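Structural description and commentary
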2 protein chains.
Amino acid sequence: MLSTSDHASVVSMNLFVALLCACIVLGHLLEENRWMNESITALLIGICTGVVILLLSGGKSSHLLVFSEDLFFIYLLPPIIFNAGFQVKKKQFFKNFITIMLFGAVGTLISCCIITLGVMQAFKKMDIGSLDIGEYLAIGAIFAATDSVCTLQVLNQDETPLLYSLVFGEGVVNDATSVVLFNAIHSFDLNHIDLSTAFHFSGNLLYLFFTSTMLGVLSGLLSAYIIKKLYIGRHSTDREVALMILMAYLSYMLAELCYMSGILTVFFCGIVMSHYTWHNVTESSRVTTKHTFATLSFVAEIFIFLYVGMDALDIEKWRFVSDSPGTSIAVSSVLLGLVLAGRAAFVFPLSFLSNLAKKSPNEKISFRQQVIIWWAGLMRGAVSMALAYNQFTMSGHTQQRTNAIMITSTITVVLVSTVVFGLMTKPLIRFVLPQPKHTVSMTMEDSSTPKSITIPFLGAAQDSEVDIDGHEIHRPSSIRALLATPTHTVHRYWRKFDDAFMRPVFGGRGFVPVDPGSPTERNGHHHQWH
Amino acid sequence: MLSTSDHASVVSMNLFVALLCACIVLGHLLEENRWMNESITALLIGICTGVVILLLSGGKSSHLLVFSEDLFFIYLLPPIIFNAGFQVKKKQFFKNFITIMLFGAVGTLISCCIITLGVMQAFKKMDIGSLDIGEYLAIGAIFAATDSVCTLQVLNQDETPLLYSLVFGEGVVNDATSVVLFNAIHSFDLNHIDLSTAFHFSGNLLYLFFTSTMLGVLSGLLSAYIIKKLYIGRHSTDREVALMILMAYLSYMLAELCYMSGILTVFFCGIVMSHYTWHNVTESSRVTTKHTFATLSFVAEIFIFLYVGMDALDIEKWRFVSDSPGTSIAVSSVLLGLVLAGRAAFVFPLSFLSNLAKKSPNEKISFRQQVIIWWAGLMRGAVSMALAYNQFTMSGHTQQRTNAIMITSTITVVLVSTVVFGLMTKPLIRFVLPQPKHTVSMTMEDSSTPKSITIPFLGAAQDSEVDIDGHEIHRPSSIRALLATPTHTVHRYWRKFDDAFMRPVFGGRGFVPVDPGSPTERNGHHHQWH
């Protein structure tokens, strides 16, 4: 046949697209369910499909596409992280910036060290085969990488804004740290670790954080400038939407090109675009970009979980494990335990440190909140999988016994942590942090987007000084007190700088409080989009 | 480096995304120019980039990505054709359905025969090497395939609705016919052509048209039904948008899976979706899908032309040609002449036939309009390229001299026809069909989308019975007269059937005339998207 050289790939694409549709419909039907979320639905559908394919193919293969790092890092991850940056509540995020950096950078290092040391001790007593120091450190880095995608699903930005910003922000920084750590392990000579190596490593990390963030900010500003300068009086929705998507993607790819952290770059590009660029375009572009980014991110998330579910049953990897199921179960259990311990080892001490620096008791992270932070960051996902594949399939595929055990253990940890920890997060939050849930869920249902992904009133409320949001009235603790006592002079200076220098050049709405009842911005554009 | 196994592919993706951005910005700046359009800008930028790469690589290679049929047929073509179906004026299209099918099916066969016969005569006198009958017929099929993408750029649906629907509709049917023809040439035994082969071929063609159309209609209806039934009172924009995009894509891939014409399928899926599904979703979903489809199509079009431009200078193909530049120029000229003659040979006779069947003089296609139809369908594009690559690079790559000459001639014909014919179409329309141009272009500039791609007031005016569109007031010829004398009883019966049976099940707005001044649909949703 002419148009498609490879019929098998067409079959698998059909199946994948059909399964994505099924996940969306099922996810919608299960929306009211208090345990499920879209990720777990997709994961379970993926596993079921894997079983069916395994039976149909006579036990030969369970997956249709080979797990590819490129697919994940080049196509699926950028829209998810960009959308998170685009829709994150910027005030909440920057208010907790120091804590987030502490958790994301220092916390990941602590977690990595604990997992490495634990694995070194535990594996000596098991029948695993010999691993060198680099491989132990790589295991630490692999299992220190949390899954920011799943965090987006289990925490709600409107119900628990402080926890969401802390855990998700940490997840973004953690992604970058893990990747840097993993690369550092491969590039440094690990037999001669001394103080200079440590300094070199910290320098690298700081340099990477700085350059990646700057690249993201600059791309965002460039897009705002181009759209503001070129499109005076001659707006065209399709060009604006295309430019925003392409420039966001370009920032990610440029970061990858320069061996920086594309995740950090595209996250900050999203923040800058939602602050400047988004306010320079027409109303229909605003509606379109907001929902397009959310939809892309939504589909990419479902795709990842479907994929991980189908890939989990790959028979080749499990062949070696079937000889010694005990070892594999023991390794997975040890790793799960170390993940729990490694996270506990930095969440509680660092929260204590962070609380020391804050004066008002309302700003401090309570012990109950610390428990949620600890629990909600336990999920391991596609980043861990990608790192594990990179580490353990390079030399001799999964034919070697040690590699096969490590790959299957990673899959086990990812599945168990996502399904078990993921399923239990929502009930745990309800148990640990009792809230006036009914009013919140009722106001949420009016929103036109799935709960898990977007925020209602993005334009109106997200960066206005007076955060009239309905939901926050119920919690008299952190935000209102902060607004009443504006100790954050940094934010005041930033606002002045933004009004005086940035907005004249790059546009944007600034910090004018918007009355949600009278959306003035829209009136002039009525004729354009019906 | 971890996250991207192949650094070269990251470099080329960066360049491609940056060039796409450049094309969009340049296309915007050149919008006022009466000669240029986005396709030609992209093609020229592609050629310039090709030259730069050729110089930088020391004459080794000019392209970054190898031309891949899969990339074109699986990722780039579906959004373009779907968007065309989604935004086409359905009344205009179905009113001319018979003429469109005549042009697309019979016209393509006539064109193919003339080109085949002409090539057989001409090549005997040239130093080309021996070709068998199958290869001659394949050349006929390759150069009978018009480029519907470029048509979208040079004709304006609002200025010349009759011509747009005829030429673009013909292009869609032509795509399907060419692909069927090309496959038939490869599967039939060409040394024993008799009447039964001809019947077999016609049967195949009709079966393919029917099944492809039905698949598209059914997928569209299924999406309408799912969204109508599942989402009662609980709309969620992201899920709706994702479902519409995925189901449209699924229809295309299913058609490809079953060896049908995905182009026809996705075109009719777009028509059905815009008639039913689009009216079942929320206002923000409507705005988002309309602009998302247009943006995807816009980016895919630019990508194709950029790609063809960069690929045109591939040095390997031109190596053989440099030995005998005369032959190559002669072949290209002969092919261009035959393309012109082949199209003239069916446009004028078939227009005459079509005019015979029409009673009202306003409905008839005037000679001036026939000239435009002839000219606007002369462009050859990516489908021709894909077919030529399929035919002439299978046996022995481009190493063989004949194959190399045919590939380079195809590139020459595509470039010349796109640039020369494409550049001259807009001026030709202005010369042959003088119109009150000023008022039209002024009303067009208010629209929020690029002229070449979308229609303003898609929701309000596209399928309402009373076509109050502003632009059509100026041409008292065809449309108003038709509306005054509704002879089309088929349309009346369809409307009754639609109101009685289809709309209760699949939703949709039906044929209620909408007053453009008071968009009633939107009022209930104000709170959802600001």
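Residues numbered from 1 in each chain as written. Chains lettered and ligands numbered in written order. Predicted model: local features only at pLDDT ≥ 70, side-chain atom pairs only at ≥ 80, totals over all residues. Heavy atoms only, no water.

Each helix and strand in chain A was counted, giving 21 helices and zero strands. Across the 530 residues of chain A, 62% fall into the buried class. Considering only contacts in chain A between residues 6 or more positions apart, those separated by 24 or more positions represent 83%. Counting every atom, chain A has about 19900 Å² of accessible surface; 69% of that belongs to carbon and sulfur. (Helix = DSSP H or I, 4+ residues; strand = E, 2+ residues; numbered from the N terminus. Buried < 20%, exposed > 50% of the residue type's maximum accessible area, 1.4 Å probe, protein only. Contact = heavy atoms within 4.5 Å. Areas by Shrake-Rupley, 256 points an atom, 1.4 Å probe, with all protein chains shown as cover.)

In terms of nonpolar packing, the biggest core is built from 277 residues, with A:Phe123, A:Ile139, A:Phe143, B:Phe123, B:Ile139 and B:Phe143 touching the most fellow members. Non-local contacts of B:Ile139, meaning those with residues more than four positions away in its chain, are made with B:Ile115, B:Val119, B:Phe123, B:Leu131, B:Leu335, B:Phe392 and B:Met406. (Core = buried A, V, L, I, M, F, W, Y, C linked by side-chain atoms within 4.5 Å.)

Turning to the pattern of salt bridges, a few remarks are in order. Residue and element names in this part refer to chain B. Scanning the model with the defined rule gives six salt bridges over all chains in all. Between Asp-499 and Arg-503 there is a salt bridge whose closest N-O contact spans 3.1 Å. Placement of the pair is Asp-499 and Arg-503 together in helix α21 (residues 489-506), with a separation of four residues, close to one helical turn. The exposure class of Asp-499 is partly exposed, given its relative accessible area of 38%. (Salt bridge = Lys/Arg side-chain N within 4 Å of Asp/Glu carboxyl O.)

Now for the confidence of the model for chain A. Residue and element names in this part refer to chain A. Model confidence for chain A is summarised by a mean pLDDT of 76, while 78% of its residues fall at 70 or above. When the elements of chain A are averaged for pLDDT, helix α19 (residues 458-461) gives the smallest value, 37, and helix α10 (residues 237-257) the largest, 92. For this predicted complex, the interface confidence comes out at an ipTM of 0.79, alongside a pTM of 0.81. (pLDDT = per-residue confidence, 0-100.)

Before going further, it helps to spend a moment on the state of the cysteines. Residues and elements named next belong to chain B. If you walk through the whole model with that rule in mind, you get zero disulfides over all chains. This cysteine, Cys-21, is not joined by any disulfide, and Cys-23 carries the nearest cysteine sulfur, 9.3 Å off. Relative accessible area serves as the criterion here: at 8%, Cys-21 is assigned to the buried category. (Disulfide = S-S within 2.5 Å.)

Residue and element names in this part refer to chain A. Within the structure shown, the criterion is met by 48 aromatic pairs over all chains. Note on Phe-267 and Phe-268: the rings are 5.6 Å apart at their centroids and 90° apart in plane angle, and the pair reads as edge-to-face. No difference in accessibility class separates Phe-267 from Phe-268, as the two residues are buried. Members of the aromatic cluster, connected to one another through ring pairs, are Phe-93, Phe-94, Phe-97, Tyr-164, Phe-168, Phe-267 and Phe-268. (Phe/Tyr/Trp six-rings, centres within 6.5 Å; stacked < 30°, edge-to-face > 60°.)

This brings us to unusual backbone geometry. All names here are of chain A. A positive phi angle is found at Tyr-259, which is not glycine, with a value near 60°. Within the fold, Tyr-259 resides in the loop between α10 and α11 (262-275). Exposure remark for Tyr-259: the relative accessible area of 41% places this residue in the partly exposed category.

Residues and elements named next belong to chain B. Following both chains from N to C, one finds helix α9 (residues 195-230) and helix α10 (residues 237-257) inclined at 160°, their axes separated by 10 Å at the closest point. In terms of their interaxial angle, α9 and α10 are classed as roughly antiparallel. Taken as a pair, α9 and α10 cross one another with a handedness that is right-handed. Residues Leu-215, Ser-219, Leu-222, Ser-223, Ile-226 and Ile-227 of α9 pack against Glu-240, Leu-243, Met-244, Met-247, Ser-251, Leu-254 and Ala-255 of α10. When the residues that make up the contact of α9 with α10 are grouped by side-chain class, the tally is nine nonpolar, three polar and one charged. (Axes fitted to C-alpha atoms, helices over the stretch in contact; angles between N-to-C directions. Parallel < 35°, antiparallel > 145°, perpendicular 65-115°, else oblique. Left-handed = near helix turned anticlockwise from the far one by under 90°. Nonpolar A, V, L, I, M, F, W, Y, C, P; charged D, E, K, R; others polar.)

So, on to the packing of helix α3 (residues 69-87) of chain A against helix α16 (residues 382-392) of chain A. Residues and elements named next belong to chain A. Where α3 contacts α16, the axes come no closer than 10 Å and their chain directions differ by 140°. By the angle class used here, α3 and α16 are oblique. Regarding α3 and α16, the two cross each other, and that crossing is left-handed. Within the contact between the two elements, α3 uses Glu-69, Phe-72 and Phe-73 and α16 uses Ala-382, Val-383, Ala-386, Tyr-389 and Asn-390. For the contact of α3 with α16, the class distribution of residues is six nonpolar, one polar and one charged.

Residues and elements named next belong to chain A. Taken together, Phe-210, Met-214 and Leu-218 make up a surface patch of nonpolar side chains, about 310 Å² in accessible area. Note on placement: Met-214 falls in helix α9 (residues 195-230). By relative accessible area, Met-214 is classed as partly exposed at 33%. (Patch = residues over 30% accessible without salt bridge, like charges linked within 9 Å, V, L, I, M, F, W, Y side chains within 5 Å.)

Now for the environment of B:Leu44. The topology assignment puts B:Leu44 in helix α2 (residues 38-56). Each C-alpha atom of the pair B:Leu44 and B:Val419 lies 8.9 Å from the other, and the pair is 375 residues apart in sequence.

We now examine helix α15 (residues 367-376) of chain A. All names here are of chain A. α15 sits mainly inside the fold: eight of its 10 residues count as buried. Among the residues making up α15, those that are buried are Gln-369, Gln-370, Val-371, Ile-372, Ile-373, Trp-374, Trp-375 and Ala-376. On its buried side, α15 packs onto α5 (97-125), α7 (148-154), α8 (161-187), α14 (325-357) and α17 (401-432).

Okay, the environment of A:Thr49 next. Residues and elements named next belong to chain A. Secondary-structure assignment places Thr-49 in helix α2 (residues 38-56). Overall, the relative accessible area of 12% leaves Thr-49 in the buried class. For the pair formed by Thr-49 and Thr-295, sequence separation is 246 residues and the distance between their alpha carbons is 24 Å. Apart from residues lying up to four places away in sequence, Thr-49 is in contact with Leu-15, Leu-19 and Met-310. Separated by 2.6 Å, the side chain of Thr-49 and the backbone oxygen of Ile-45 make a polar contact. (Polar contact = N/O pair within 3.5 Å; in protein donor to acceptor, adjacent residues only side chain to side chain.)

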